[in-house]
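The residues making up each chain are set out below.
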Amino acid sequence: MNVTAFWANFSKFAKTMTNSTEQPAKLKSHETRHRNTERRIRQAMDRLVAQASLEGRTTRVTVAALAREAQVSRNTIYAEHSSFLEELASANPPRAGTRRPPPKSDMSALRASMHELQEQRRLLATENASLLKRVLDAEKAVARLEKQNAKLVQEISRVRRLSST
């Protein structure tokens, strides 16, 4: 079976499997907005890269420039359309003399620091709770001793009045 015959048979099979009365599903508003934003970013990226190559510049196309050109926020590019970040990195010429190590090399050290800080925070919270309990117990003891002191002062006053008469 040649390729043409295969595709002809496949298309007949596909038509029988799908109901021809069904209309394509309408996109939801957030999907439409996401696609329109992606299209605007793509067009802005193409314009900026073309402009940079036409002018023969060695300047870098930044996320900020891309966001301005597409009229979206930088956060939108970072959060919702991060695939453009890789394209920006490949479209930009490498910087001379400044080479950062990949961020993954620091991730294990950062995770270890994060776990250590979480453990310290947990220990401090435990210590804080125990100190708070000690303060509350001390306040109760002070209140009890003040009542006892007041009773003793009254007793001394009563005894002095009795002895003076």
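## A word on the overall build of the protein
So, point 1. The helix and strand inventory of the protein stands at six helices and zero strands.
So, point 2. Moving toward the C terminus, one meets the helices and strands of the protein in the order α-α-α-α-α-α.
So, point 3. Taken over 165 residues, the protein has a buried fraction of 11%.
So, point 4. Within the protein, contacts between residues at least 6 apart in sequence are counted, and of these 60% link residues at least 24 apart.
So, point 5. Per element, the accessible surface of the protein, about 14,500 Å² overall, is 57% carbon and sulfur.

## Focus: the pattern of salt bridges
So, point 1. Applying the stated rule across the entire model yields five salt bridges.
So, point 2. A salt bridge links R47 to E69; the shortest N-O distance between them is 2.8 Å. Of this pair, R47 sits in helix α2 (residues 29-55) while E69 sits in helix α3 (residues 63-70), placing them 22 residues apart in sequence.
So, point 3. Judged by relative accessible area, R47 falls into the partly exposed class, the value being 39%.

## Quick word on the confidence of the model for the protein
Interpretation of this model should avoid reading the predicted coordinates in detail wherever pLDDT is low.
So, point 1. Mean pLDDT over the protein stands at 81; residues scoring 70 or higher make up 73%.
So, point 2. When pLDDT is averaged over each helix and strand of the protein, the minimum, 56, is found for helix α1 (residues 3-17) and the maximum, 92, for helix α6 (residues 104-164).

## Focus: the side chain of H81
So, point 1. Turning to its location among the elements, H81 is positioned in the loop between α4 (74-80) and α5 (83-91).
So, point 2. Setting aside its immediate chain neighbours within four residues, H81 contacts H34, T37, E38, I41 and T76.

## Description of the nonpolar core
So, point 1. Counting residues in each nonpolar core, the largest one holds 14 residues, and the members touching the most others are I41, L66, V72, I77 and L88.
So, point 2. Elements represented by at least two residues in this core include exactly α2, α3 and α5.
So, point 3. With five residues, the top contributor of residues to this core is α3.
So, point 4. Once residues lying within four places of it in the same chain are set aside, the contact partners of I77 are I41, V63, L66, A67, V72, S82 and L85.

## Some remarks on unusual backbone geometry
Across the chain, the bulk of peptide bonds are trans and the bulk of non-glycine residues have phi less than zero.
So, point 1. Unlike most non-glycine residues, Q71 shows phi in positive territory, near 60 degrees.
So, point 2. Position of Q71 among the secondary structure elements: in the loop between α3 and α4.
So, point 3. Q71 gets classed as exposed once you look at its relative accessible area, which sits at 67%.

## As for the environment of V72
So, point 1. Within the fold, V72 resides in the loop between α3 and α4.
So, point 2. Beyond its immediate chain neighbours, meaning those up to four positions away, V72 contacts T37, R40, I41, A67 and I77.

Analysis parameters
- Residues numbered from 1 in each chain as written.
- Predicted model: local features only at pLDDT ≥ 70, side-chain atom pairs only at ≥ 80, totals over all residues.
- Heavy atoms only, no water.
- Helix = DSSP H or I, 4+ residues; strand = E, 2+ residues; numbered from the N terminus.
- Buried < 20%, exposed > 50% of the residue type's maximum accessible area, 1.4 Å probe, protein only.
- Contact = heavy atoms within 4.5 Å.
- Areas by Shrake-Rupley, 256 points an atom, 1.4 Å probe, with all protein chains shown as cover.
- Salt bridge = Lys/Arg side-chain N within 4 Å of Asp/Glu carboxyl O.
- pLDDT = per-residue confidence, 0-100.
- Core = buried A, V, L, I, M, F, W, Y, C linked by side-chain atoms within 4.5 Å.

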